[in-house]
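What the coordinates show
Read off the chains here:
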Amino acid sequence: MSNLIFPEGYKSLLGEKETEHAIVLIKDFFQLQLSTALNLTRVTAPLFVESGKGLNDDLNGIERAVKFPVKDMGDAQMEIVHSLAKWKRVKVTSMGLEPGFGIYTDMNAIRADEEMDNIHSLYVDQWDWCAAITEENRNVMYLKQTVRKIYDCLKRTEFFIYDRYDMIEPILPEQIHFVFADDLQKMYPDLTPKERENKICQEYGAVFLIGIGGKLPDGTIHDGRAPDYDDWITETGDGHRGLNGDLLVWNPVLKNSYELSSMGIRVSPESLKAQLEERGCLERSKLEFHRRLLAGELAQTMGGGIGQSRLCMFFLRKAHIGETQVSIWPEQMRKGCVEHGIFLL
């Protein structure tokens, strides 16, 4: 609640009915663009996975998963997914997909420990995608190539919406800017990570920040990232580390940086072991997912998540994610939003 922003003079450009229609248009159009650009086939996905297998996304390692027992399985514990970061890799492997081809799915999650504000909700909906790659593809050049493809999908979607709602003018720049997290720290050493993001996004409009989760020169990290899916430790050959990152844009309504996607090349057996050691959680290597990965049984992949409600919020110039999804909000937040012209679904 303390981070809630009420933009001065805010008024939604679309009414509730128009907003609902526009959400459908954005989701249908963007997922077709994404699947075509990255050669992805749609698959069904789980809402929950079995506890203790290492399949759930551990996020920063402190968030609690929502759990429940299953009567017909001897009260075995299941947990609602945080994301499908690791499940997708197992799926790509089981499908036997060739490098250059992959999957995407509608991922719905519950993050009960989320601190709710303009862009964070208990309910998370995103397109989770994952593609098989070769060993030779495990480099920054291939990562940037894929990011540019996704950014092109964003650009086309923005024009698609402008063509139907001409009051929503395009603002994304022609090109996305790439920067490493350690270079960003050198540029703004006295700023917090979020303040650095605000600075660089305000300057360039769209940024891909590389190396999220790995240690910066001063021993800190730019932002938390679990050690068992994104590769944030591998050296890139130019003095940097990290084969992952966040796709950020400048939000003209909230006047700050705005994350649309987190993605990256996934860990190899070697980088998984190194990251588990750096984070002091080698005990995870005993879990089923981690054992299979360390044994070389899982395909080399890259993947990520693209927030559906966040994407709609950005393209429709909304001030709160509750204007593009239905969730639960504190009563104080609901009242404050109404007072400032923000009407939650």
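First things first, this report covers the structure right here in the doc. From a predicted model like this one, the values you see are computed outputs, not experimental measurements.

Definitions and limits used
Residues numbered from 1 in each chain as written. Predicted model: local features only at pLDDT ≥ 70, side-chain atom pairs only at ≥ 80, totals over all residues. Heavy atoms only, no water. Pairing = 2+ DSSP bridges. Helix = DSSP H or I, 4+ residues; strand = E, 2+ residues; numbered from the N terminus. Axes fitted to C-alpha atoms, helices over the stretch in contact; angles between N-to-C directions. Contact = heavy atoms within 4.5 Å. Salt bridge = Lys/Arg side-chain N within 4 Å of Asp/Glu carboxyl O. Buried < 20%, exposed > 50% of the residue type's maximum accessible area, 1.4 Å probe, protein only.

1. Considerations on the sheet that holds strand β7 (residues 177-180)
Overall, mixed pairing links the 8 strands, which are arranged β1-β5-β6-β11-β10-β9-β8-β7 in an open sheet. Edge positions in the sheet fall to β1 (40-42) and β7, since each has one partner strand and no second. Each neighbouring strand pair of the sheet contributes to a mean axis angle of 30°, computed without reference to strand direction. Pairing analysis gives 8 bridges linking strand β9 (residues 244-251) to strand β10 (residues 256-265), with the strands arranged antiparallel. Its bridge partner being in β10, Val249 is matched across the sheet by Tyr258. Together, β6 (123-132), β7, β8 (206-210), β9, β10 and β11 (301-307) form the strand contacts of helix α3 (residues 140-164), whose direction differs from that of β10 by roughly 130°. Sitting on the sheet, helix α8 (residues 308-315) is in contact with β5 (102-110), β6, β9, β10 and β11, with an inclination near 140° to β10.

2. Describing the pattern of salt bridges
A side chain with one charge can pair with a side chain of the opposite charge if their charged atoms come near. The tally for this structure, following the rule as stated, stands at 16 salt bridges. Ionic pairing is found between Asp128 and Lys88, a salt bridge with its closest N-O pair at 3.0 Å. Taken as a pair, Asp128 in strand β6 and Lys88 in helix α2 (residues 87-95) lie far apart in primary sequence, 40 residues in all. Judged by relative accessible area, which is 1%, Lys88 ranks as buried. Close ionic contact of Arg317 with Glu158 constitutes a salt bridge, the shortest N to O distance being 3.4 Å. One end of the pair, Arg317, is in the loop between α8 and α9 (331-339); the other, Glu158, is in helix α3, with 159 residues separating them in the sequence.

3. Overview of the environment of Val66
Here Val66 lies in the loop between β2 (48-50) and β3 (67-70). Between the C-alpha atom of Val66 and that of Val81, which follows or precedes it by 15 residues, the distance is 8.1 Å. Once you skip the residues sitting within four places of it in the chain, Val66 turns out to touch Met78, Glu79, Ile80, Ile110 and Ala112.

4. Quick look at the pairing of β11
Taking burial as the measure, the 7 residues of β11 include 7 buried ones, the bulk of the element. Burial of the side chains of β11 extends over both faces: Thr301, Gly303, Gly305 and Gly307 are buried on one face and Met302, Gly304 and Ile306 on the other. Here 7 bridges tie β6 to β11, and the two strands are oriented antiparallel to one another. Residue pairing for β11: Gln126 is matched across the bridge by Gly307. Bridge count for β10 against β11 is 5 bridges, and the pairing is antiparallel. Paired with Ser262 across the bridge in β11 is Gly305.

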